[in-house]
Every structure is written in C-alpha cells, then in structure tokens.
Amino acid sequence: MTKIRTRYAPSPTGKMHVGNLRSALYEFLIAKHEGGDFMLRIEDTDQGRYVEGATDIIYRTLEETGLVHDEGPDKDGGYGPYVQSERVKTGIYMKYANELIDKGEAYYCFCDRERLSSLKTEVVDGKEITVYDKHCLSLSREEVEEKLAAGSPFVIRQNIPDEGTTTFHDELYGDITVNNSELDDMILIKSDGYPTYNFANVVDDHTMNITHVVRGNEYLSSSPKYVRLYEAFGWEVPVYIHLPLITDENHKKLSKRSGHASFEDLIEQGFITEAVVNYVALLGWSPEDNREIFTLDELIENFDYHRISKSPAVFDMVKLRWMNGEYLKAMDFDRFYEMAEPYLKKALTKNFNLRSIAAMVKTRIEILPDIAGQVDFFEELPEYEVEMYTHKKMKTSSESSLEVLREVLPVLEAQEDYSNEGLYASLLKLVEKKGCKNGYVMWPVRTAVSGKQMTPAGATEIMEILGKEESLRRIRRGIEKLENATA
Ligand code: GLU
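Figured I'd write up the structure that's included with this text. (Residues numbered from 1 in each chain as written. Predicted model: local features only at pLDDT ≥ 70, side-chain atom pairs only at ≥ 80, totals over all residues. Heavy atoms only, no water.)

Observations regarding the site of the ligand
1) Next: In the neighbourhood of the ligand, the contacting residues comprise R7, A9, P10, S11, E43, Y197, N201, R215 and Y219.
2) Next: A distance of 2.7 Å separates a nitrogen atom of the ligand from a polar atom in the side chain of E43.
3) Next: R215 places a polar side-chain atom, nitrogen or oxygen, 2.9 Å from an oxygen atom of the ligand.
4) Next: Protein coverage of the free-state accessible area of the ligand, which is 300 Å², stands at 87%.
5) Next: Residue composition of the shell around the ligand, grouped by class: four nonpolar, two polar and three charged. (Near = heavy atom within 4 Å. Polar contact = N/O pair within 3.5 Å; in protein donor to acceptor, adjacent residues only side chain to side chain. Areas by Shrake-Rupley, 256 points an atom, 1.4 Å probe, with all protein chains shown as cover. Nonpolar A, V, L, I, M, F, W, Y, C, P; charged D, E, K, R; others polar.)

Below, the structure written as structure tokens:
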C-alpha cells in the first residue's frame, strides 16, 4: 500500500480561518490515522493577495494546535521547495505547461486586455469571469514563435474541448459530470510568469506525491478542470474530499463580523486551543457513537474520513462554550490558574487569595472571560435588593433574615478563626441552637456577604476570602438594609 501523504496548502492571506483550520486538521488526521505524512505547502503565487506576517500566523497556529507537519519549508522531506514562489524559480511550472502545449492540451494566448474585455463574461461562484473564445488556439507554431521572439506578453491557457463531458470523483459527493462547454480555458501560467493557483496546485500535489486532498467545497466547481490536467499528464488523480460549508447560527457563511471566523478570534475571546480543535473536528465529522470530547490523539485514533458529512456544518457558539467549559473543568489546576490569573487580576485589585478564588470558579465558567462576572462581588459589594433575602425553599424572609443576621453578627465578631472550616463550625452551632435548617442561616449570610443570587461558593468560603473586617462590614450593611426595609 502506498503511504498516505496529505498536505495543508494555505495561501498566506491573513488570519487562520476556521474553515482552513478544519482542512488542516482533517488532512493531519487522515495522514496520522494511517501513519502517513502531513506536509505544509505555502501557496503564494497570487502576489496581489499576499499579506505580510500571514506565513508566521500559519506556523504559529499549526504549532499551537499540535498539527505538527512532517515536511514543509522549515523541514525538508525531499520534495522541496515547499513554497510555491520558490518552486517558480526552479522552472517546474513552465516545464509542465510546455508539456501540455506539446500535447495540444494548452496553448499560448497573446490577447490583450482590450480584446479580453470585449469578450462574454459569466458569473461563476459569485465572481465574474471572462469566457475565452479560443482565439489564440488557431495561431500557427510560427506565429507563436514570432510573437514570443518579439517579447509579446502572453499567458498559457488550458485547452478544453467544447464537446464531451468530464467526470470527476469526490469521496463525499461521488461522481460529478459536467459538460466541457461549461468549462473555461483557464489560465495556467499568468503574464508575470507565475502559475495560477489552480495549475500550481495540480503540479505540486502530483510531484509531491500527495494521496489525499481535503479542501473547502468552494473548489468543487474547478475540480473537473483539475481532472482534465491529471488526465492530460497521465497522472493518477488523488482522493478528493471537499468539505461542507461552515455556517453561523443563522445559516449564513461565517463572516469576520460574527466573531468566530478565525482561530485567533476565538482565542482572543477566551477559548482554549484544545477545545477549539476538538470543536472544529466536529464541524462536518462525527464518530459512530456520537462521542464529542476528544484529545488530538483520540481524534487521530478515531478519525475516519468516510464519516465526513455533506450537509453544512453550523458553528454553534453555545456548544463551543459548553465544550470549552468541559475542558476547563477537566484541566489540571496549576495550568488553569496560570491561564485564569490575568483575568482574576484584572477583576480583583485588592489583596485576595487568588488561587482559592480560581478553585471556586474553575467548574463554573465556560470561558475565561466569564471569570469577571463570577468574582466581581469580592472586590466591591454590589447594590442589591432586599428581596434577595427571601428564598422560598430555604423558608427565609426579610424578617427572618434580619433576625438571623443580628444573631450571626456577635458570633462573627467573636470569631478569630476565619477559615472556611472554622466559620462553618460556628454557624452550624447557631443552626443547631435554633433548631432550623442550614439554609435558614446560610442563605441570609451569603446574601449579605455577596449581594448576589448566585455565587461560586458558599457563605463561609466567601468570608474566608473576604477576611474578618470586610465580612463584618457586609453583615452590618445587610442588617442596615433589612432594618430600613422592614421598619
Ligand atoms: N491555497 C488554497 C487556499 O488557501 C488551498 C486550496 C487547496 O487545499 O487545494 O484556499
């Protein structure tokens, strides 16, 4: 069996779009599942779209996500160069374009802009393209030689017959047959001597021995033209896997504005890398048992590309948040603390025990920025309504709470040990003395010290963090509020 070789072939045009990350991930998983090689190739032949720094983003993202490539510009595996602009210099694309010309599968075209602009146009995939009329196909060899010798600018076009059909096979979509008359004579070599993306892609995938090509289905419509190139050269066509579109919750294409378009956007919003990778793996793929949480190694083990779906994948923020929360819960505490610390420090400027607070929130947040909303009451007692003291299940009311806090105050004033355990033992004594339920005492105390309906911890844990002075101040404030309300 031939060794599986896949490639991630990004164009360095900006951030790592979620769709690109998915392609890279699936390529990686397909290769690693079978013990194959995963390669990185930089497709930078479209100089106009090149964005400074974009290549660094690609390297950084692959490293952060753990999609380690076996070969690439920085790791020679014998198939280099791995950057298309460097491959141009080796003459490889011209060599293969000439081979196609010799076979009658391509031809020189000298038409100038003016002539081209007079030709018919068609809208393909939302873009307006000129339908070339094969004008230059009729030039004789001598005429071509003459023009080349005179230094006339030219492009090289693929020669696609008007008659007949071309059939293309995709692993997910099956056989797709198109009429050749619908395929335009696309440019293979541009007037600047660079190959077009479409041509370089085919030459490179073949010469780099790529066995499986995974990419977004926006390329599906160009694929018959690729197949014609493979056939013209007599090369074996790789396995093509075109992935379904990724949409937002409103079934619209993911856009920059929706905030989850790129890997960086998600990290900036406080998602963690492993959760993003796990979530992206499920955008179009699912295992047989519908399990959802996977480490990268588990994905490698379980990934079967035959189970990729054709239906559009909805990027569901609610689900990603949930998944991220699961990762935070399962995370080792020291690592969690390292990540949480900047958020805690931003929310809390007073001298608190941040590690204890981190331990309280670890299982209660979905993303790190949620921390602020969980811990804000430590910094400053919020304004709150006395109605919060009334809790049906705990059987508390404003009156009962006032009575309880008045009894609690001297206990807490006398208390020296402000540890959670010490405080809990003292309050429990009061509960026993009163012969009431725990909540009858704990609820008003917690309300008084937090001013919140929901807190990441109970009354005594909160008081341990706040310390004696601040706890007492808040209890007194509670009494004052209740006195005013019940007066
Ligand atoms: N350079 C193309 C892109 O970034 C890659 C498409 C492919 O994988 O063939 O979209």
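Right, picking up where we left off after that structure.
Things to note about helix α17 (residues 420–434)
1) Next: Across its 15 residues, α17 extends 21 Å between first and last C-alpha, which sits within 8% of the 21 Å expected from 1.5 Å per residue.
2) Next: Turning to α17, its buried residues are N420, G422, L423, S426, L427, L430 and V431.
3) Next: Elements that come into contact with the buried residues of α17 comprise α16 (398–414), α18 (438–450) and α19 (459–486).
4) Next: A positive backbone phi angle near 65° is found at G435, which sits one or two residues after α17. (Helix = DSSP H or I, 4+ residues; strand = E, 2+ residues; numbered from the N terminus. Expected span 1.5 Å × (residues − 1). Buried < 20%, exposed > 50% of the residue type's maximum accessible area, 1.4 Å probe, protein only. Contact = heavy atoms within 4.5 Å.)

A look at a negative patch on the surface
1) Next: Together, E34, E288, D289 and D304 make up a negatively charged patch on the protein surface.
2) Next: Note that E288 resides in the loop between α10 (273–281) and α11 (296–302).
3) Next: Taking relative accessible area as the criterion, E288 reaches 70% and is therefore assigned exposed. (Patch = residues over 30% accessible without salt bridge, like charges linked within 9 Å, V, L, I, M, F, W, Y side chains within 5 Å. Salt bridge = Lys/Arg side-chain N within 4 Å of Asp/Glu carboxyl O. Lys, Arg positive; Asp, Glu negative; His and termini not counted. Charge placed at Lys NZ, Arg CZ, Asp CG, Glu CD.)

Brief notes about the pairing of strand β10 (residues 212–216)
1) Next: Within β10, five of the five residues are buried, which leaves the element mostly enclosed by the surrounding structure.
2) Next: The pairing of β10 with strand β11 (residues 239–243) spans five bridges and is parallel. Bridged to H212 within β11 is V239.
3) Next: On the question of chirality, the crossover connecting β10 to the parallel β11 by way of helix α8 (residues 223–233) is right-handed. (Pairing = 2+ DSSP bridges. Right-handed = clockwise from strand over helix to strand, strands pointing away.)

With respect to the sheet that holds strand β6 (residues 155–158)
1) Next: Overall, antiparallel pairing links the three strands, which are arranged β3-β6-β9 in an open sheet. Among the strands making up the open sheet, the edge pair consists of β3 (106–109) and β9 (187–189). Each neighbouring strand pair of the sheet contributes to a mean axis angle of 40°, computed without reference to strand direction. (Axes fitted to C-alpha atoms, helices over the stretch in contact; angles between N-to-C directions.)

Some words on the pattern of salt bridges
1) Next: This structure, assessed with the given rule, holds 34 salt bridges.
2) Next: With its nearest N and O atoms 2.8 Å apart, the salt bridge here joins R291 to E298.
3) Next: Here R291 falls in the partly exposed class, since its relative accessible area comes to 31%.
4) Next: Residue E298 is classed as partly exposed on the basis of its relative accessible area of 27%.
5) Next: A cluster of three or more residues bridged by salt bridges with shared partners is formed by R7, E27, R41, E43, R87, D204 and D205.

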